[in-house]
Each structure stands twice: as structure tokens, then as C-alpha cells.
Amino acid sequence: MQPPPLHVGAEPPPQPVLEEEPPPPPGSPRHIAWARRRAAVRQFWAAYRKDKMGLAGLSILLVFIAVAIYAVFADDTGLSITEATGPRLDPPSLEYPFGTDIQGRSVFTLTLHGSKISLLVGLSATVITMVIGSAVGLIAGFRGGWIDQLLMRITDWGLVIPWLMLAISLAAIFGQSLFVIILVIGLTTWPSTARLVRSQTLSVRERPYVERSRALGASNWHLVSRHVLPNVMPVIMANTVLIVAIAILSETALSFLGLGDPLGKSWGSILERASDGGAATRGAWWWLGAPGLCIVLVVLAFTMIGFALDQIINPRLRER
Amino acid sequence: MKQKRQKVTASLVLAIVLGMLVQGAAIGQDASPSAEDEKITFTVGMTNDAVTFNPMFMIETPEYSTADMMWETFLGWEQEDFDTKSHLATDWEQSEDGLTWTFTIRDDVTWHDGEPFTAGDIAYTFNWILDKKVGNFIDYLPFTDEITAPDDTTLVWKTTVPTGAPVYPPYVYILPEHVLSQYESKADFKKWKGFPDPIGTGPYKLVEWRRGDFWRLEANPDYWGGAPEIDEFVFRVFQNEDAMIEALKQGEIDFADDISANLFDSIIDEPDITANVGNPTTFTQMSFNQCTNDVAYCADEGFNHHPATTDPAFRLAVEHAIDRDVLVDRVRLGYGEPGYTVIPSPKWHADPENVIAYDPEEANRILDDAGYTDSDGDGIREHPSGEPMELRFIVRTEAPETIDAGEFIVEWLRDIGVSLKTEAVNDNRLTDVWYTNDWDMYIWGWGVEPDPNFQLSTYTSSQCGIWSDTCYSNEEYDQLFKDQQSAASLEERESLVAQMQNVLYEDRPELVLWYDNYLQAYRSDLWAGFVKQPTADGSILFQYGYYSLLNIHPASEGGGSAGGEDGGGISPVLWIAIAAVVVVVIGVVVMRRRRAEEEA
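### Thoughts on the overall build of chain B
Now for step 1: The helix and strand inventory of chain B stands at 18 helices and 19 strands.
Now for step 2: Burial statistics for chain B: of 600 residues in total, 52% are counted as buried.
Now for step 3: Within chain B, residue pairs in contact and separated by at least 24 positions form 72% of the contacts whose partners lie at least 6 positions apart.

### Here's the deal with the nonpolar core
Now for step 1: Counting residues in each nonpolar core, the largest one holds 82 residues, and the members touching the most others are Ile122, Ala123, Leu155, Ala256 and Phe264 of chain B.
Now for step 2: Ranked by residues supplied to this core, first place goes to helix H3 (residues 119-132) of chain B with six residues.
Now for step 3: Looking at this core, you find at least three residues from each of domain 2 (44-55 + 202-267 + 524-533 + 542-569) and domain 3 (72-201) of chain B.
Now for step 4: Excluding anything up to four places from it in sequence, Leu155 of chain B contacts Ala89, Phe103, Ile105, Ala119, Ile122, Ala123 and Ala149 of chain B.
Now for step 5: Counting 71 residues, the second largest nonpolar core, distinct from the first, contains Val228, Leu242, Ile270 and Trp286 of chain A.

### Looking at the packing of helix H3 (residues 107-143) of chain A against helix H8 (residues 220-256) of chain A
A pair of packed helices is characterised by two quantities: the angle between their axes and the separation of those axes.
Residues and elements named next belong to chain A.
Now for step 1: At a minimum axis separation of 8 Å, H3 and H8 run at an interaxial angle of 145 degrees. Two packed elements cross with a definite hand, and for H3 against H8 that hand is right-handed. Touching Ser118, Val121, Gly122, Leu123, Ala125, Thr126, Thr129, Met130, Ser134, Leu138 and Phe142 of H3 are Val224, Val228, Leu229, Val232, Ile236, Thr240, Ile243, Val244, Ala247, Ile248 and Glu251, all from H8.
Now for step 2: Counted by class, the contact of H3 with H8 contains 15 nonpolar, six polar and one charged residues.

### Thoughts on the packing of H3 of chain A against helix H10 (residues 285-313) of chain A
Residue and element names in this part refer to chain A.
Now for step 1: Put simply, H3 and H10 touch, their axes get as near as 10 Å, and they point 25 degrees apart. When the axes of H3 and H10 are compared, the pair comes out roughly parallel. Handedness of the crossing formed by H3 with H10: right-handed. Residue-level contacts link Val107, Thr111, Gly114 and Ser115 of H3 to Trp286, Trp287, Ala290, Pro291 and Cys294 of H10.
Now for step 2: For the contact of H3 with H10, the class distribution of residues is six nonpolar, three polar and no charged.

### Digging into the domain arrangement of chain B
Residues and elements named next belong to chain B.
Now for step 1: One can read the domain layout of chain B as domain 1 (2-30 + 571-599), domain 2 (44-55 + 202-267 + 524-533 + 542-569), domain 3 (72-201) and domain 4 (279-517).
Now for step 2: The C-alpha centroid of domain 4 is placed 34 Å from the C-alpha centroid of domain 2.
Now for step 3: With eight residues of domain 2 in contact, the opposing surface of domain 4 contributes seven residues.

### Some thoughts on the sheet that holds strand E5 (residues 100-105) of chain B
Residue and element names in this part refer to chain B.
Now for step 1: Taken in spatial order, the four strands line up as E4-E5-E7-E6 in an open sheet, and their pairing is antiparallel. The sheet is open, and its two edges are formed by strand E4 (89-94) and strand E6 (144-151), each paired on a single side. Strand after strand, the sheet turns through a mean of 15 degrees between neighbouring axes, direction not considered.
Now for step 2: H3 rests against E5, E6 and strand E7 (154-159) of the sheet, and its axis sits at about 160 degrees to E6.

Procedures and definitions
- Residues numbered from 1 in each chain as written.
- Chains lettered and ligands numbered in written order.
- Predicted model: local features only at pLDDT ≥ 70, side-chain atom pairs only at ≥ 80, totals over all residues.
- Helix = DSSP H or I, 4+ residues; strand = E, 2+ residues; numbered from the N terminus.
- Buried ≥ 20, exposed ≤ 12 C-beta atoms within 10 Å, placed from the backbone.
- Contact = placed C-beta atoms within 7 Å.
- Core = buried A, V, L, I, M, F, W, Y, C linked by C-beta atoms within 7 Å.
- Domains from an automatic or database assignment.
- Axes fitted to C-alpha atoms, helices over the stretch in contact; angles between N-to-C directions.
- Left-handed = near helix turned anticlockwise from the far one by under 90°.
- Nonpolar A, V, L, I, M, F, W, Y, C, P; charged D, E, K, R; others polar.
- Parallel < 35°, antiparallel > 145°, perpendicular 65-115°, else oblique.
- Pairing = 2+ DSSP bridges.

And the structure:
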């Protein structure tokens, strides 16, 4: 296949930047585009609303997002080990709804504050994954040729390497911190996204309107940004939601293995400290149970949303 | 066990997951692979792993615990009070001028391979260490002029100044001349990991070693002190202390060594388990990197640390900011005592003359006076050089207590405007970091011998790059160390040792945080015959000598690892924990696979 020529045709003239953009006149291409987008969103929401699983997932997720936002502004002295005043390993009670840990801190408070870190890690790692994965997939699929070959071999390498080993090695090299955990998860998760995006790009690239646009002299940038990306985007979005679930689980796994910030307060770190503190032997089920349940719920929520999106977006699964 | 850097090293963290799964699956099954014959097997559980059993190059506790059973020292330690007693040497005397020690050596000892053991082996081992400058052992053999064996049962040790060092006694394993002489150099010998074919004189020999899993010793029926009652001694490595304690409850292991306070608390009321609180012989310390260009090893290897760690005012402020009573109470749950100097044993311990009390206000004042100010108002002070007071702080994954202690220390130091960036690493990694001098502060521990000579040697300048934690260097201290080795009387040595403890306390290259009780437990329904060393309140196994080791026997006929199945299933909570890990791991794998499949 012949790579498309570079920079053929004229770039669109730069738009003057205005303080306040006037509403596009009816009938203009912009107006039509926006109307079409609004219609698409309405249509999407109508389809999504019918999906019970998707709605359930969304509700759970909204609750956790609300909790995490609350946690950002809430008082965090309850996390301090020197300020802890509660009894050691106290079972759940009115005062301590999820019991206390071995240092007398409320597991409820720990779990509450853990939500923001776990969600932050999950979402940030996903952003890295999506950016790298989409870029690699788009470039490989659109350019083809040796660039495609090279990028796909790197991707294959990333796919077959045992991710846990790679993640452990990276965490060992870069040290232990939240940022490193995010980076490590992002850097080990992108290959599957890249593959997905590439296959979709390959299919979109060959469609007649792309051919037509190219024949009219559109630049590569125009083709990718106006035609390929908008058509690949739904796949990326559906994938993103599932990647968040994987990222949160990965964060838990890495923190549980002691590769996260040792004094961090993510759900995975709480689990690790509980395990080290002998929660299982001492029957302190609440110390393991509270963060464990939250992880399960959040991952479940993202997975349900992801499946619902898949149902709507994936033409092969869509009911007509 | 001696230098006992407490606990060890799980090499790869993946092994933890696999280990937990395997152990989870294995719980409930019989531990001993060869239980069907009549062999008496004793299984010890530990959360540490061994890296090498090479008798001259070990670092960690389980390595010493194992080597102690295979190789012997030429003098021993009394059960009662650790006084020096006869062992491979039966008699000794010092000449009038104090320069010559003469020892009578046993003639009824053979090596594991059947070769006769002689005084020549002892002389050869000591001379090899001196010739090859084996840093781990060389401070046991000070002022040596020559060590010779005029005949098979006599050892003569001549020194340049009068010294009692030969009968402290040296904790040096005696190796066979016919084996050691095959090695050209120290590096050549170091490559051998003490396995296979370790040849010693002790009651056991190592016959199987699966790294990260277990190692097995078999009895030496020809042991000169009498054939051991237990035929097989198995050390099992647990990657998770919970699993070890469950295994003890199920009777899958017979003995759990070096238990953390958290879990020890949960088994003291178990009916079939006897839990023993041994008096402190170890301490946990927080070290500050003292490398400067004046120290040869640091200058050669290079070093990297925050400028504050070498500032005495900073270290004094840190000591003021730390509340040892809280650490003992909350982290050790009372199984320990606040520690100040580096010698815990009552015989040689000296209280510091000037105890630094917990006083955060004083700490703040000291930092203010020393020019550590928070000029940019971010709550973190700046070093007089302008560098922010953000230091790296290492705690140990093998010892979860150090993570708890670390969290306290991080909060206390934050209150005096010092920020610590904490990292938890395993001992393999910590050893690397330690030897490359690229660290600011860490928490580690020492097991201290009955005689203070070895422990005090680790702070001398020449030990930098060998045993010295901090590369502390002080000429006055080095001189005191030599003086105590050549002290004319016990009283003089005691006063010098006390003085040295005080010098270290005042200079504080490291802060002793607490003295740890040695926490051990065994199945008292299956085993009897444990004795303590020291007899009043000591440890019940892995002692200085074979007091328990050769005395343990099944509590009744048909004992051993047979029982234990009637104890019921494994606790449901542990099942849940195991299930949770399995679910997480499977979940990740499945989701990843699903993604991978969809890619096409």
C-alpha cells in the first residue's frame, strides 16, 4: 500500500479568534455539525438508558465519585498514626462503622480517603494508556508500512511480556510513589488499546469518504483529525472505561505487593497493611473487608458501564 | 545467631503472590515429604530467606541459625549466663606476660566427610582469615602475632599486646583445612554458597536447599557430643507471616521463629502452643548516612546523601522528636523496651549519662538555632545550604513493624518541619543501597552477641564497607575499641565499653529505637525438652550453643509431625483473604486477556 502524500493541498485559513463566538448561522456547516452531535448524544443516552446494567454501574460510580470528591475536602487527621485514639482492632460499631485498624484508626476514614487515591490512580493511569495506545494505534494504522511494522512489533512485545513482572521491575527501578505507580500501570496497559485502535483505523482509512477527502487534497492531519479520529473515538471511549477497571485492580495488586507508597492510603495499601498486621490471623475481617468491597464495587461499576457502552457502540453487538 | 541483621529477603515480589497461593493450597496437607518412615522431623517456619550459607560471608539471621548447626566455634557459651566455656577446645591458659594463649583441643572430633579434626584446622582457619583479610571476622582476631598448632591437640596463639580477645570468644566458624586450602582467594571462596557439600563438625549438615522455599538438614550420627535425637531439621520459608502462624496452629510446622509482636499477641492463648518471650538481644535502629570524603570506602565508591545527615544538630533534633515509649507501646505492643545504646545485654549495657527526652519544642529550637529555617513558608525547613529538608527514608518490607515505626517517625518529623520520603524495600535491595552509600536514613536491626566486642567493632572506621551501617568514623572511638580489647582487667574493660556506648550515643550516627524481645513459639502438644538461654528469660532455640537443639524430643511416642489434623479447618478469614487475592489476580489476568483478544 502506498503511504498517503504529506501536506498535499492547502491548510484551511486560520480562523480569527473572537472573544465571544457568535452562534453559527443556521444552515452553516458548523451549525449542522453541532446539531448532528447533539442528536447523537441524545440518541446515545436514549440507548444507554435502556441498559439496566449500564445504569446500575453508573449509579455506583457516581456514588464513589461523590465520596472521593467529599474526601478531597474532608478533614484528614483521622489518617494520622500519632493522633489515633481508637481501640486496637475494634469490630464495627456505631462509632467506627468499619471497625478500627491495629493502630486504632477508623477503617471507615481510611477507606473514605482511599477512594480518592484509588480513583485518581485509576483515571490518571488510564489517561496515559489512552494517549499512548491511541497515538500508537492511529499512527500505525494510518501510516502503514515500516512504521506500522515497527510499532506493532513493539506492541506485540508489550502484549506478551508478563505485565506483573514488568510492572514490578519498573516500580523497583523508579522507586515507590503514587506517580510511579500511575506511570507503571499506564506504561504496561497501552498495547491492547493500540491494537484495538489500529484495527479500527485500518478499517476507517479505507472508507470511500476518506478516499474522497484525500482526492480533494486533504492533509494527513485533516484526514486523521476530521475523519479517522471521530470514527475511532467511540471504540476508544468504550475501551477507556474498561481500562479504568484494570488500572484500579492493578494499583491494588501493586500496592498489595508493597510496590506502592508504603505509607500511602489507597485501598491496595490498606489491604497490604492489614495483611502485614495479621488481620486474617486475628479475625479482623473488617480491616480487609471494607477496602476489598470498595474495590470490587468500583471495578464492577466500570466494567458494567464498559459493557453497556460496548453494546451501544459496537455495531456487531448493537441490536437493530 | 549473631550478626543477625534481623529477618531477610524475599527475593522477587512475584514470589510472594505465588508463595501465598501455593501456601494457601498447601495448608492442611502434611508438610513433611518423608513422614511415612520413622524419621523424626522438626520443621521451623520463618519469614526470612537465606542468600548464602558461606560461613564467612553471611549477613542475615536464618543464615547464621543454619550455619550454627553445621560449623562450630572453638569455644562456646554457657547456658546460664553466656560465660565462655569449653567446646572444641577443652582447656586454655594465658602466659604470665599475657602474650601467649595455649589451648587444648579435642581429639575425638571428625569432620562430616570422615577426616579427623585437629588443632591444625583451627590455626589454618584463623590464619586464612588474617591473610585474606576477611572483614567479617578479622576484628575477632586482634593483635595477632602468630597462631600455630604444634601438635594435633594444641593451639598456640601469640599476640603483640596482652588481650583477652581469644576467650571473648571469637565467633568464627572453624573450617576444614583440606577444604579451605582448595580456595585461592577470598573472592574465589565467596562464590561457594555453603552448598552443596558443606563440611563441618556440627550435629547437622545441610543436604537440600530450594531457594525461597525450604532447606533441610540431616543429623550427623557421629557428632562428638552425641547423636541428635531429631533426624531431620527443616527450615520453611513463608512469604507471609499470617500463613506461618496458621501453619503453626495446624501443626504443619513445629516452631515459628522471630514472630512479630502483632501476630505473637494472637497466639499466646492457643492451648497447644507455647509462646516464649526471650529477653532482648537485638535492637532496632535508625541510621544516618555519615559518609564523607575523609572515609576511604566512601571516597572510593562515591556517596550521595542529604547534607543534614552529617550535621550533629540535625540528628539531635531528630532524637528529641522521637518518642521511644510510644514506639515500644504501639509498634512492639510492649514486647521490647526503649533502647538508647548499642549493647542491650545487661552484663555490658551502660545507660547513657545524658538521655535525650522526647521534646518536639526543643527539637524545633535546635533546628532554628542551627539555621534550618522555613524561608518559603511551605512548612518544610531548608538546610542552611538552601536545600529543602526532604530526606529519603527506607523501611523494610520483611519487617512490617519498621513500616509502622516509619509512619510514626514521618509524622513526628513533619511536626518539626522535616519531610521524609519513605520507601519500603526488601533486604537484598537495602544491602545494595547500603553498600553504594546512596541513602539518607534507614531502619534496620542488629542481633548482639553476648560479648560486646563484635558489636562495638562495627562502628570502627575500618568497618566502613563491611559491617558499618553508617560509615561513622571517629579516631577517639577507634582507640577506645583497641583499648578495650587489650584491657588489663574486667573492670577496666567494662568501663571502656560503657564509655564507648556513651560516645556512640552522644555522636548518634544512628538512633537505637528499641530493644526487641525475641518472640518464638512451638507446638507444646508435640514437642518437649526446650531449655532457655540464659536460663531465666532467654530464647528457646537458635541459641549460642546446642542446649535446646540436642534436647528437644517428641512429647509422646508417635509425636512428630503426625498430629494436628484434628484442629479443624483453616480459619475462614484466611480463606477469604486467599480468595480475595486469587480473585484479584484472576480478574486482572482475565480482563487483560479479554482486551488482548478484542484487539484483533
